[in-house]
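# Reading the structure
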Amino acid sequence: MIIDFHTHAFPDALAQRAMAGLVSSVHKADMGFPEIMYSDGTAKGLTDSMDRAGVDISVLLPVATKPSQPRGINEWAREFAQNDPRIIPFGAFFPDETFEEQLEALARDGYKGIKLHGDFQGFYADEERMLQIYRRCGEYGLICVLHAGLDCVSPRDIHVTPERMARVLDKVSGVKFVLAHMGGNCLEDRAAELLAGAEGLWVDTAYAAGRLSPAKMTELIRAFGADKVLFASDSPWNDPADDIRLIRETPVSEDEKQGILYKNAEMLLGLS
C-alpha cells in the first residue's frame, strides 16, 4: 500500500492554463528549481501517474486563490473522487470573512481537511485571523495542510516559516497540522530544530526527491519521528515513482518505511 498525501490536479478546461502560469512563476523566481511537469495537471494525468508508480491512494489538495473559487473546485473534486475512489479530496477553502460558513460546509460534507497556501492566499501563518481558522478546524476535526517554506510565487517573502509555526503551536491546540515539504521547503533543518516533537504536527515529503538525499531524509525522519512523516510527491511537480524510490533508499527500518509510505496516513485519515 502507498498513500500519496500531497497531489494536485485541475479541471480539464483549466489545467493547461494553470500549469503554464505556475511554470511561468518558476521561471520568474529563478530559484534553480526545475520546471519539469510529470503529468498534464488533469485528473487523468494524476491517475495515470499513480498507475505508473504503484500509488494506491492520492490525497488531492486543491488551492483556492480567490473567494469565488471554493464551491466550484469542491464540486469538481467531489465528482473526481466519485469516479475514482482512489482519490481523497481535501476541501478547497479561502481564508476570508466567510471562513465559518466554509468550514461548517466542508465538515458537513465529509471532507478530511483543507489545504492552505499563504503565498497564493495572502496570509502569514501566525496571523490572528488564521489562529481562529485553525481552532475552528480543530473543532470540526479538519486536518490543516499548509505549504511551508519557499515558494516560487514569492521566494523573498516566506509566509509559513518554522518560526511562525512555532508561534502558532504555542497558541493553538487540538488541531492536526501537516506541514508540506518536510516542514519547510529549503528550511527543513530549521523546521526540525523548532518543531520536532510538537503535538499534532506531521510533515510530508512533497518535493523531496531530487532535492534531499537519503542521508538528509534519514536525519529529518529521526528528528521529527518516523511516525510523523507522510509520503507525498507534490505531483505533477514530482514523479511519485522518484519519491517512492527516495523512501526505499533511505536507511531507516522497513517498519518505518511502511509507516511513512501508508500507515501514518491511514491513521491520520481515519482509514485504518
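Description of the structure in this document. Going along each chain's sequence as written, the residues are numbered from 1 onward. The predicted nature of this model means local features are confined to residues of pLDDT at least 70 and side-chain atom pairs, given and counted, to a pLDDT of 80 or more, with totals for whole chains, interfaces and linings taken over all residues. Excluding hydrogens and water, the side-chain values take into account all heavy atoms of the structure.

## Focus: the sheet that holds strand 5 (residues 143–146)
Stated precisely, the cut-off is as follows: Pairing between strands requires that DSSP locate at least two bridges from one strand to the other. Only DSSP runs of H or I covering at least 4 residues are called helices, and only runs of E covering at least 2 are called strands; the numbering of each starts at the N terminus. Any two residues having at least one pair of non-hydrogen atoms within 4.5 Å are treated as being in contact. Axis definition: a line fitted to C-alpha atoms, limited for helices to the stretch in contact. Angles are taken between N-to-C directions and run from 0 to 180 degrees.
Strand order across the open sheet formed by five strands is 4-5-6-7-8, with parallel pairing between neighbours. Two strands bound the open sheet, and with one partner strand each, they are strand 4 (113–116) and strand 8 (229–230). Across four bridges, the pairing between strand 4 and strand 5 is parallel. Its bridge partner being in strand 5, K115 is matched across the sheet by V145. Where helix 7 (residues 162–171) meets the sheet, its contacts fall on strand 5, strand 6 (177–179) and strand 7 (201–204), and the angle it forms with strand 6 comes to roughly 175 degrees.

## As for the packing of aromatic side chains
Condition: Any two rings among Phe, Tyr and Trp, with Trp reduced to its six-membered ring, count as a pair given centres within 6.5 Å; such a pair is stacked if its planes are under 30 degrees apart, edge-to-face if over 60, and tilted if neither. The rule is short: NZ of Lys or CZ of Arg within 6 Å of the ring centre and within 35 degrees of the ring normal puts a charge over the ring.
Summed over all chains, the structure comprises three aromatic pairs. Ring geometry for W76 against F80: centres 5.6 Å apart, planes inclined by 40 degrees, an arrangement best described as tilted. Note that W76 and F80 are positioned in helix 3 (residues 70–83) at a spacing of four residues, about one turn of the helix. Judged by centre distance (5.1 Å) and plane angle (80 degrees), the rings of Y134 and F177 are edge-to-face. Taken together, the positions of Y134 in helix 6 (residues 128–140) and F177 in strand 6 put the pair 43 residues apart, joining distant regions of the chain. In this arrangement the basic side chain of K228 is found over the ring face of W202, its NZ or CZ atom lying 5.1 Å from the centre.

## Here's the deal with the sheet that holds strand 2 (residues 57–60)
Here three strands make up an open sheet; going across it, the order is 1-2-3 and the pairing parallel. Lying at the two open borders of the sheet, with one neighbouring strand each, are strand 1 (3–7) and strand 3 (87–89). Going across the sheet, the axis of each strand differs from the next one's by a mean of 20 degrees, ignoring polarity. Two elements, strand 2 and strand 3, share three bridges in a ladder whose sense is parallel. When the bridges of strand 3 are listed, V59 appears paired with I88. Along the sheet, helix 2 (residues 43–53) makes contact with strand 1, strand 2 and strand 3, crossing strand 2 at roughly 145 degrees.

## Some details on the pattern of salt bridges
The condition that has to hold: Here, a salt bridge means any side-chain nitrogen of Lys or Arg that lies within 4 Å of a carboxyl oxygen of Asp or Glu. The cut-offs for exposure are 20% and 50% of the maximum accessible area for each residue type, with area from a 1.4 Å probe on protein chains only; residues under the lower value are buried, those over the upper are exposed, and the others partly exposed.
Taken as a whole, this structure holds 18 salt bridges when the rule is applied. The salt bridge involving D48 is made with K44; its shortest N-O contact spans 2.7 Å. Note that D48 and K44 are positioned in helix 2 at a spacing of four residues, about one turn of the helix. Two residues, R78 and D109, come together in a salt bridge whose shortest N-O distance is 3.5 Å. Residue R78 is located in helix 3, and its partner D109 is located in the loop between helix 4 (99–108) and strand 4; the two are separated by 31 residues in the primary sequence. Take R78: its relative accessible area is 31%, and that puts it in the partly exposed class. A relative accessible area of 42% means that D109 is categorised as partly exposed. Salt bridges sharing partners connect three or more residues here, namely D51, D84 and R86.

## Details of the side chain of K257
To keep it simple, the criterion reads: By the counting rule applied here, Lys and Arg register as positive and Asp and Glu as negative, while His and the ends of each chain are not counted.
By the element assignment, K257 lies in helix 11 (residues 254–269). With no salt bridge to any partner, buried K257 finds its closest opposite charge in E254, at an N-O distance of 4.6 Å. If sequence neighbours within four positions are ignored, K257 has contacts with I247, R248, T250 and V252.

## Describing helix 7
Under the convention used in this document: What the arc measures is the spread of directions leading from the helix axis to the C-beta atoms.
Every buried residue of helix 7 is listed here: P162, M165, V168 and L169. Projected down its long axis, helix 7 shows its buried positions confined to an angular sector of 115 degrees, all on one face. Across from the buried face of helix 7, at angles greater than 90 degrees, the exposed residues are D170 and K171. Buried positions along helix 7 lie against helix 6, strand 5, strand 6, helix 8 (188–195) and strand 7.

## Side note on the pairing of strand 7
Threshold: Handedness rule for crossovers: strands pointing away from the viewer, path from the first strand over the helix to the second running clockwise, crossover right-handed.
On strand 7, burial covers both faces: L201 and V203 on one face and W202 and D204 on the other are all buried. Crossover strand 6 to strand 7 through helix 8 is right-handed. Bridging between strand 7 and strand 8 involves two bridges; their strand directions are parallel. By the bridge assignment, D204 is partnered in strand 8 with L230. In the classification by handedness, the crossover that spans strand 7, the intervening helix 9 (residues 214–224) and the parallel strand 8 is right-handed.

This is a description of form; function is not addressed.
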